[in-house]
Amino acid sequence: MATGIKDKVAVIGMGCSRFGERWDVGAQELMVEAFQECIGDAGIDRQEIQAAWFGTCFDEVNVGKSALPLSATLRLPNIAVTRTENFCASGTEAFRGAAYAVASGAYDICLALGVEKLKDTGYGGLPNFGPGMGSQAWLWMPNMTAPGAFAMLASSYGAAYGIPEQELKRAMARVSVKSHANGVLNPKAHLRKAVSLDDVLNAPIVAHPLGLFDCCGVSDGAACAIVTTPEIARGLKPTSEIVTIKAIQLALSNGSEAQFGAWRGDHFVTTSKASARAYQEAGIADPRKEISMMELHDCFSITELVTYEDLHISERGKARFDVLDGFFDLSGTIPCQPDGGLKCFGHPIGASGLRMLYEMYLQLLGRAGERQIKNPRLGLTHNLGGMPFMNVSSITIVGRHQE
Amino acid sequence: MPSRDRDNDQKRSQPNLHQFVHPPLEEEVRAIGGGYTYLREVLMPVGDRQLLYLLGAAVVDTSCCGVGGCGFALVPGFLGEQAGLERTEDNGRVSLVEPISDERLRREITALIKQTEMVQEVRFWCTKEEVP
Amino acid sequence: MIGVVSYGGYIPRLRLDRMAIYRTLGWFTPATLAVAQGERSVCNWDEDSLSMAVEASRDCLAGMDRKKVDALYLCSTTLPYADRQNAGIAATALNLPAEMATADITSCQRAGTTGLITALEAIGGGSRKAALVAASDRRETRGGYFYEMWFGDGAASVLLGSQDVIAEYLGSHSITYDLADHYRGAQKRFDYMWEERWVREEGYAKFIPQAIEGLLQKTGLSISDFAHVAYPCFFTREHRNIGKRLGLNKDQLLGNLHLECGETGAAHPLVLLVTALERANPGDRILVAGFGQGCDALAFRVTGAIRSLPPRRGIAGSLARKAPLDSYAKFARFRDLLDLEYGIRGELGGQTPMTALYRDRKMILGLMGARCTACQTPQFPPQPYCVNPECGAFDQMEEYHFSERLGRVVMYTGDRLAVTTDPPAIYGLVQFEGGGRMLLDFTDCALEEVSVGLGVRMSFRKRWYDKERGYTGYFWKAVPQANA
């Protein structure tokens, strides 16, 4: 009976580029920026990497197909490199590939790198889905945007729990205010500016009922991790804290939300399942008590709000009370988005999952500077790719290695 | 727990009047997906009262899904006495306003503003009393 | 007895106040003030002749057995395809059987009445049993002239047959003269119009009376035998003058609908016929004529069966269901008279795959889903494994129609970022009564009118237009129903 990979894989190095509208650099330079930090942190030689995974989403406007861009950019020694693409979980999928390879015993040292260069398209935002994007869904599905799709979730979540629109908007605003306050403390963030509740509440609508501050943006960025066995990690870093993986779980929609009648549009079916499996893998019985901190996929404020419930941390229909109580503030019980989250980093899709892990890693090693959370033990990251009714959800839990 | 954003509200002098701190004009409030700017303040006579609204423009230019924006009006409410006379500590203008919470009145005012301004949205300022 | 078995109508919901045209363009053509009264109907940006014909036909087929329809004639001068049978698209959208005759009848303003006569003759001859005639037009005009004011958009449909006849066919008479009051060469977008005075005096004023005279002689009836006489003529004064010359009293002559919606091109005689049927009592005789390079005139007598026809929207219902189009600029954009910048992200490159479209034609055009025979769950799109997590049966699907079912909004938004002609793009997840759900664009509504739980009806709409290749694609949208 499989038991998962808890404590079988250690993270010995991580790196993260500065995120933003990086007109100055292309995907190659972003990869190198993140990698140089990572390899320096790991204290190994590039030639020691035995296999690599490469997460990117939009190959059309980004680096192109295959994993060759990573292999060639880093001049890797003709090793196996695999490209992963799974919407917003693309970076986490790269991490999972590398982690599973080490856990299986196939390799000792592996690299996971995610990058997305989105600002060479000539317009703001991700490319539109249409002909040439593979699926025929554009022949009949609405021409949705991500803000629109998640705005729909706000309408049905509010209706399911009888939450007046103004009350929901205020809770969502509080989610944004908290993340922006954290982002101010982070030199790698794209946007470093505190906002007031009034600024958020008075902002006009992007997709009803989501306002400007409820939505994340596009930016360029890269992040990476080097993983190995806990034994090798201990050998490389005899005196420092070791971070190990406690769980990685994914859950994907199968069409029932969008096509079967049971779902009320009040939660993420996938996240609810992926997180439960992750807690089991990590041996966590009560996440509200045991998780120290989180980086959630706050592509939209409503996503973060509803995800609190799907992580089994807030009660169903009541996440807004935790939000208003400051439970997820940097000074709260479970700080959420201590690095500022997608709201401050933007969302270079392939990089985001690894960027979140980077923050958890820094926090666990006590390297988060002004944002440092006191004595964290377990950190959780979450990605949600796609739409509320058809998505890819991933959960990763990392923590201090207990020997 | 109510937010601590509007300490000024505590100082209101009449039950339905609230202190509204005028936001600066021509200064962008920036979010990661875009930003918005108040362009001008307008006093519109409605019956025998003066309605205060701010005309704003939003540009959504770095969102994940394309480029957009809108014109909008933010309606603090009917102006009370002493409009703009008080100052906050950092020299912001403060007016006493009666916010509009009645749905029917909101619809009427929305229609009135849309007659004169090309705005896609009319937002009504909410006092912190509306916090759950 | 053969004749009309059922009827349906569709006038688009949007109306443009003619004074809005005048206020924008009157500086250029001040004379148009003379006809700038009332309002004209306007297709929403996602409607065209084909989509309106489908809507009118759905109305007409309410309560009828679609499996028995064995002919569809689509009559219009503004069909989306010059070579790809438009009637075939409509038949697929209407889920009509493949074993049937279909034809486009086009390139003349009396295409609608020609379609009626053709269908009635086929039924009279015994080769067809139930023929659907749909007439629809969305005529293009340049801005700033009378025709933009005179014309409106609309469609009407009539089912003809020999059982449960509500209006017996008494006969017809046609005349043909090559009088080009206007013409539109192949590949041309707009009509070229000759002097209106000549068209009135040599065209309308002569052809309509001549065709009606011929019909009266043929049928042995006199004009006073008719309770309702309907013919198109957007020159309102001339319309009345012709009536006087025919000896019609005010009650007999149906108005030309100038104030209500304008002249709906090839659809107009059928729009007027439906209007007459809506007002008629058993025993009434109806005379309807179509004008264009000659004239067709047809006579009917209403039967008692009209009392048992299930209620429908028709033309009267369509005219009552209306919303103002708030500016001429929108009208101009909707009709591509105004070229606006949609941005790089709005470029929807790439072709439409004909192979996939043919495979999925019933799903895309007919909104056909599937129902699992193991657990009875309706689902869309049709797939091999049942979507019900409790069931999951393999390959036990039967065809299931969603297009005529009422749905309810599960979740929705108004999206200001999505590229659309009329922002915000409103869309949502719709749960259908009886089961099944799908994501749909919403149309013919304002965001403020939508809420979770609201009822919606389906409407067949133009979905995309590939200007480079000339391809028009269609799908279904949800129309929110107030008080539903």
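In this text the structure is predicted, and so the values were computed from the model without any measurement. For every chain, the first residue of its written sequence is number 1, and the numbers climb from 1 along that sequence. Working convention: letters from A go to chains and numbers from 1 go to ligands, in the order in which they are written. Only residues with pLDDT of at least 70 are given local features in this predicted model, and only at 80 or more are side-chain atom pairs given and counted; all residues enter the totals for whole chains, interfaces and linings.

1. Observations concerning the pairing of strand β5 (residues 101–106) of chain C
Residue and element names in this part refer to chain C. Filter applied, for reference: When DSSP finds two or more bridges between a pair of strands, those strands are recorded as paired. Secondary structure elements are defined from DSSP: runs of H or I of at least 4 residues count as helices, runs of E of at least 2 residues count as strands, and each element is numbered from the N terminus. Crossover handedness is defined by viewing with both strands directed away from the observer: a clockwise path from the first strand over the helix to the second marks the crossover as right-handed.
With six bridges connecting them, strand β4 (residues 71–76) and β5 associate as parallel partners. When the sheet's bridge partners are listed, Cys75 is paired in β5 with Ile105. This β-α-β element, β4 to helix α3 (residues 86–93) to β5, shows right-handed connectivity.

2. Considerations on the environment of Ala99(A)
Residue and element names in this part refer to chain A. The condition is simple: With C-beta atoms placed from the backbone, a residue is labelled by how many other C-beta atoms lie within 10 Å of its own: buried for 20 or more, exposed for 12 or fewer, partly exposed between the two. Whether two residues are in contact depends on their C-beta atoms, placed from the backbone: they are in contact if these lie within 7 Å.
Tracing the backbone shows Ala99 in helix α3 (residues 90–103). With 25 C-beta atoms counted inside 10 Å, the residue Ala99 sits in the buried group. For the pair formed by Ala99 and Cys110, sequence separation is eleven residues and the distance between their alpha carbons is 7.6 Å. Once you skip the residues sitting within four places of it in the chain, Ala99 turns out to touch Ile5, Val9, Val227, Ile245 and Ile248.

3. Remarks on the packing of helix α5 (residues 165–183) of chain A against helix α11 (residues 301–310) of chain A
Residues and elements named next belong to chain A. So the rule is basically this: Interaxial angle, 0 to 180 degrees, is taken between N-to-C directions of lines fitted to C-alpha atoms, where a helix line uses only the stretch in contact. Should an angle fall under 35 degrees it is called roughly parallel, over 145 degrees roughly antiparallel, and 65 to 115 degrees roughly perpendicular, with every other angle called oblique. Three categories are distinguished: nonpolar for Ala, Val, Leu, Ile, Met, Phe, Trp, Tyr, Cys and Pro, charged for Asp, Glu, Lys and Arg, and polar for the others, with Gly belonging to the last.
With their axes 9 Å apart at the nearest point, α5 and α11 run at an angle of 100 degrees to one another. With respect to α11, the element α5 is oriented roughly perpendicular. Across from Ala171, Met172, Val175 and Ser176 in α5, the residues of α11 making contact are Ser301, Ile302, Glu304 and Leu305. Its residues assigned to classes, the contact of α5 with α11 shows five nonpolar, two polar and one charged.

4. Side note on the interface of chain A and chain C
Taken together, the contact between chain A and chain C spans 35 residues of the former and 41 residues of the latter. Within the residue set of the side of chain A that touches chain C, elements represented by two or more residues are α4 (146–161), β5 (205–207) and α8 (256–259) of chain A. For the side of chain A that touches chain C, the leading source of residues is α4(A), giving eight residues. Grouping the amino acids of the side of chain A that touches chain C by side-chain chemistry returns 18 nonpolar, 17 polar and no charged.

5. Details of the sheet that holds strand β11 (residues 390–400) of chain A
Residue and element names in this part refer to chain A. Sheet architecture is open: nine strands sit in the order β3-β2-β4-β7-β1-β8-β11-β10-β9, paired in mixed fashion. Two strands bound the open sheet, and with one partner strand each, they are β3 (80–84) and β9 (293–295). Averaged over all neighbouring strand pairs, the angle between strand axes comes to 25 degrees, with direction disregarded. This element, helix α9 (residues 269–282), spans β8 (243–252), β10 (378–387) and β11 of the sheet and lies at about 150 degrees to β8.

6. Regarding the domain arrangement of chain A
How big an interface is tends to be stated in terms of accessible area lost as the parts join. All names here are of chain A. Put simply, the test is: In this entry, domain limits derive from an automatic or database-based domain assignment.
Along its sequence, chain A is organised into domain 1 (10–120 + 220–243) and domain 2 (146–196 + 245–400). Of note, the centres of domain 1 and domain 2, computed from C-alpha atoms alone, are 23 Å apart. Facing 33 residues of domain 1, the contacting portion of domain 2 comprises 31 residues. When residues of the side of domain 1 that touches domain 2 are traced back to their parent elements, those giving at least two are β1 (10–16), α3, β4 (110–116) and β7 (221–228). If one sorts the elements of the side of domain 1 that touches domain 2 by residue count, α3 sits on top with six residues. Among the residues making up the side of domain 1 that touches domain 2, the classes are represented as 19 nonpolar, nine polar and five charged.

7. Looking at the interface of chain C and chain B
With five residues of chain C at the contact, the number on the chain B side is seven residues. In terms of residue class, the side of chain C that touches chain B is made up of two nonpolar, one polar and two charged.

8. Here we look at the packing of helix α6 (residues 196–219) of chain C against helix α7 (residues 236–246) of chain C
Residue and element names in this part refer to chain C. Put simply, the rule reads: It is the rotation of the near helix from the far one that decides the hand of a crossing: anticlockwise by less than a right angle makes it left-handed, clockwise makes it right-handed.
One way to put it is that α6 packs onto α7 with a least axis distance of 10 Å and a crossing angle of 40 degrees. Viewed along their axes, α6 and α7 adopt a mutual orientation that is oblique. Note on packing geometry: the crossing formed by α6 with α7 is right-handed. Contact residues: Arg200, Tyr204, Ala205, Ile208, Pro209 and Ile212 in α6; Glu238, Ile242, Arg245 and Leu246 in α7.

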